[in-house]
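Here's the letter readout for the chains.
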Amino acid sequence: MDMFPHISLIFLSIIVSIATSYTVLILIEYVSKRKKAINSRSNLLAVLALGSGFFGIQVIGILTFMAEYQFTPRYWLLALALFTACVLAIYVLKILPKNINNRSDMAKRVLVTAFFMKAVHFLGLSGVLDVRFWAISPGYYVLSAITVLGISYFSFRFVMKTNTTQVTEKQRLKNATILGFVLTLLYYTSTRTFYSNMALPEATADGMGAITMAVFVASIVALLLLSAANLALVDLHALETETGLLQQVKASESRFRTLAYTDQLTGVPNRHWFFAHFRELMDSPDGKVESIGVVLLDFDDFKSINELIGHDGGDQFLKKVVERLNSVLPKTITLARLGGDEFVFAVPNAKKSYMERLCQSILLVMEEPIQIGERSVASGISLGISCQKITELNEESLIKQADLALFMAKSAGKESYEFFSPELLDSSIRKQEITSALQQALVNGEFSVHYQPQVELLSGQVIGFEALLRWNSALGAVPPSEFIPVAEECGAIHSIGEWVLREACQQLSAWRREGRPDIHVSVNVSAKQFLDPEFAEKVARILIATNVPAKCVEIEITESVMIDLDTAAALVEELQEIGVKLAIDDFGTGYSSLNAVKNIQIDTLKIDKSLVDEVLGSDRSMAILATIIELGKNLGADVVVEGLETIEQVTLMRQYEVIGQGYYFSRPLPADKAARVWDKYLEQPDGMFHTPILY
């Protein structure tokens, strides 16, 4: 027997279905996004709205068919249907915040939801009709089952989509309309499942009872749906605003973090990032980090570079240096700038052999000068290394140890690396004692100048002296190789160097007043002292004050002075305008030797002792030495061979017509004893050479 829907209630059921679907989709989106942030009052309203919506759609759908027939509602079954709809709402709201991890989760949720939806419809239908299971239509049942499963699946797919993308209002309305029509179809097919094979109830005259009941239910449902939808939409709008603000805050935090953790000049991480990174390594949760090595890097004489090429040039220098360092560092190691010209990086599970290879690569890549504009700038780099096991690690002590190792590397001659060891701690204490003693050394008159003769080997005549600084302090006799680097570090080298030059010139003036032959005095000058823009002016003032001809003074510089060849050449030109001679000391021991003599006019080339020590037993070494001597003569410079200690060395060098200096002739002596040695040589006939006179 057929039962047809009331045409006036079809539209009402469709409207309620769409409204319910719209509210359901809003609440799905609301709950999935808010999750545990929903309060109990909002949660109760959502349950009542969803439950009444599910119930209302079912009841109105049933009443659509029952409008023209008499029926007696069984309210307890309708109440049970409403309760079941609320249980369905509770289940839906509970599982929405949880992620759907696999197909099994999806199938379980779809089946449970479909079961409750069918249960609500069956109870609602039973509250109006006397339902008999034998009257079920298999065809309509299968169709309704497929429909309810499809609706459930569609709803959960919507949940997954809203969790990953932002749903627009247009999409929400479109989905609600489709879902509303499908729900209407579901309840019509579900209703037809039961009554198609049943006897129809008696007809009614006007059907106003069903229509009134449907409108009442629709009104109550609409009120609840409107309240829930309004609450959800307002809260979702607030959530979107809150999310937008949070995103802005996070973006600002990210920018601030980037600024706070990045060195603005070089673009590498700064000290704040490094210490945060260091603590992350220390607290490594996987336990794979057993030890940490820290390497501190510092450029040698960077202050001089800034003075030579300006601060802008120094900034460009640092940027290019960072590019070089990053080119040799593995991608797993991040270089950070601590400040100034000091950089650092940490190596997890550091092995000494690996750290040595890494430091050697850094030293090698820094050998080549860097082009800054039209200037070629070279600067060495020193490295200090400290390693500790995680079980024994102390952040502060590890950094201090690396810093001490860096200090010792610089003190040992720079352009090198040093590992921390307990012995370094004793050396550090020694350095501190020397630094403290140097502050009062000049005032206390603890310095003296000794003189070592330079002898023309062919004639046997003394043609000059090298002035050598000696320090007899409260610490005892401290050799220049120990206190000069410390004086450079603490800045005392300028006043000490100026005192040595003045003392040597005063002694030379005294010898001249005694009527002695004209000779020159060579004075060693450190790189820091030489690169002082006022150095030439200071030399000129001392020459005037001591009444010494400029040609009688020779300034000795080492190859390390040639940091910036253009600037060095300009400073040399200033000295030569005064009339002072220039000598390059320790020639042949560095990579810049040939570059230096090619670009700078020199008066004397001094060959380092290390080249002389091997000549007697090595034809190859002798060939190299002979070539250097010939180079010096071809450049029009005097050649001084240092470190002559035996008659064999002197005899060999004499044939090259060079100037000799070394312990064979005399060790460095105070001025009065040096004068006696000079007198002995003056007594020798021209062209003759006799054994040295030692004191």
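A quick note: this is a predicted structure, and the numbers were derived from the prediction, not measured.

(A) Geometry of the overall build of the protein. For the protein, the count of helices and strands is 22 helices and 16 strands. For the protein, with 695 residues in total, the buried portion stands at 51%. Taking contacts inside the protein between residues at least 6 apart in sequence as the whole, the part at least 24 apart equals 76%.

(B) Just empty space enclosed by the protein, in detail. According to the stated counting rule, one finds three cavities of 30 Å³ or more in the structure shown. Put simply, the second largest cavity is a space of about 60 Å³. Lining the second largest cavity, in full, are His494, Glu498, Leu501, Gln529, Asp532, Phe535, Lys538 and Ile542. Elements represented by at least two residues in the lining of the second largest cavity include exactly α14 (493-513) and α16 (535-546). For the lining of the second largest cavity, a count of residues per class yields three nonpolar, two polar and three charged.

(C) Quick look at a nonpolar patch on the surface. On the surface, a cluster of nonpolar side chains totalling about 370 Å² of accessible area is made up of Trp76, Leu80 and Phe83. Residue position: phenylalanine 83 is located in helix α3 (residues 75-95).

(D) Up close: the sheet that holds strand β7 (residues 417-419). One open sheet accounts for five strands, arranged β2-β3-β1-β6-β7; its pairing is mixed. Looking along the sheet, the strands with just one partner apiece sit at the ends: β2 (336-339) and β7. Averaged over all adjacent pairs, the angle separating strand axes in this sheet is 25°, with direction ignored. In this sheet, strand β6 (residues 381-389) lies alongside strand β1 (residues 291-299) in antiparallel orientation, the contact comprising nine bridges. Across the sheet, the residue bridging to leucine 297 is leucine 383, located in β6. Helix α9 (residues 302-328) rests against β1, β2, β3 (342-348) and β6 of the sheet, and its axis sits at about 145° to β1. Strand contacts of helix α10 (residues 352-365): β1, β3, β6 and β7, with the helix running at about 165° to β6, the strand carrying the most contacts.

(E) Fine view of the pairing of β1. The buried count for β1 comes to nine of nine residues, which makes it a mostly enclosed element. Covered by surrounding structure in β1 are Ser291, Gly293, Val295, Leu297 and Phe299 together with Ile292, Val294, Leu296 and Asp298, the residues of both alternating faces. Two elements, β1 and β3, share seven bridges in a ladder whose sense is antiparallel. What sits directly across from aspartate 298, in β3, is glutamate 342.

(F) Representation of the layout of surface pockets within the structure. Estimated volume of the second largest pocket: approximately 330 Å³. As for the second largest pocket, its lining consists of 17 residues, and the residues nearest its centre are Asp298, Phe299, Lys410, Glu489 and Lys528. Looking at which element gives the most residues to the lining of the second largest pocket, the answer is helix α11 (residues 395-411), with four residues. Residue classes in the lining of the second largest pocket are distributed as five nonpolar, no polar and 12 charged. Composition of the lining of the second largest pocket by domain shows at least three residues from each of domain 2 (271-420) and domain 3 (432-678).

(G) Quick peek at the packing of aromatic side chains. By the definition in use, this model includes 16 aromatic pairs. With a centroid separation of 5.6 Å and 70° between ring planes, the pair formed by phenylalanine 465 and tryptophan 678 is classed as edge-to-face. Pair noted here: phenylalanine 465 is in strand β9 (residues 461-473) and tryptophan 678 is in helix α22 (residues 671-682), with a separation of 213 residues, a long-range link. Ring centres of tryptophan 511 and tryptophan 678 lie 5.5 Å apart, and the angle between their planes is 75°; on these two criteria the pair is classed as edge-to-face.

(H) Fine view of the pattern of salt bridges. Counting across every chain of the model gives 14 salt bridges. Between arginine 512 and aspartate 518 there is a salt bridge, with the nearest N and O atoms lying 2.7 Å from each other. Among the residues examined, arginine 512 registers a relative accessible area of 30% and is labelled partly exposed. With a shortest N-O distance of 3.1 Å, lysine 609 and aspartate 613 are connected by a salt bridge.

(I) Structural view of helix α20 (residues 619-634). Helix length check: α20 (16 residues) gives 22 Å between terminal C-alpha atoms against 22 Å at 1.5 Å per residue, within 8%. Where α20 is concerned, the buried positions are Ser621, Met622, Leu625, Ala626, Ile628, Ile629 and Gly632. For α20, the buried positions fall inside an angular range of 160° around the axis, keeping them on one side. Opposite the packed face of α20, turned more than 90 degrees from it, sit the exposed residues Asp619, Arg620, Thr627 and Asn634. Tucked into the core, α20 has its buried residues touching β13 (581-587), β14 (604-607), α19 (609-612), β15 (638-641) and α21 (647-654). Two residues or fewer after α20 comes glycine 636, characterised by a positive phi angle close to 75°.

(J) Representation of the pairing of strand β11 (residues 520-524) in the model. Burial analysis of β11 places four of its five residues in the buried class, which makes it a mostly covered element. Looking at chain direction, β9 and β11 are connected through four bridges and run parallel. Counted as the bridge partner of alanine 467 is valine 523 from β11. Note that β11 and strand β12 (residues 553-557) share four bridges and pair parallel. The residue of β12 that forms the bridge with serine 522 is glutamate 554.

Calculation rules
- Residues numbered from 1 in each chain as written.
- Predicted model: local features only at pLDDT ≥ 70, side-chain atom pairs only at ≥ 80, totals over all residues.
- Heavy atoms only, no water.
- Helix = DSSP H or I, 4+ residues; strand = E, 2+ residues; numbered from the N terminus.
- Buried < 20%, exposed > 50% of the residue type's maximum accessible area, 1.4 Å probe, protein only.
- Contact = heavy atoms within 4.5 Å.
- 1 Å grid on protein atoms, 1.4 Å probe; cavity = no way out; pocket = protein on both sides within 12 Å on 5 of 7 lines; lining within 4 Å.
- Points joined across faces, edges and corners; volume = space filled by probe spheres on them.
- Nonpolar A, V, L, I, M, F, W, Y, C, P; charged D, E, K, R; others polar.
- Patch = residues over 30% accessible without salt bridge, like charges linked within 9 Å, V, L, I, M, F, W, Y side chains within 5 Å.
- Areas by Shrake-Rupley, 256 points an atom, 1.4 Å probe, with all protein chains shown as cover.
- Salt bridge = Lys/Arg side-chain N within 4 Å of Asp/Glu carboxyl O.
- Pairing = 2+ DSSP bridges.
- Axes fitted to C-alpha atoms, helices over the stretch in contact; angles between N-to-C directions.
- Domains from an automatic or database assignment.
- Phe/Tyr/Trp six-rings, centres within 6.5 Å; stacked < 30°, edge-to-face > 60°.
- Expected span 1.5 Å × (residues − 1).
- Arc of directions from axis to C-beta.

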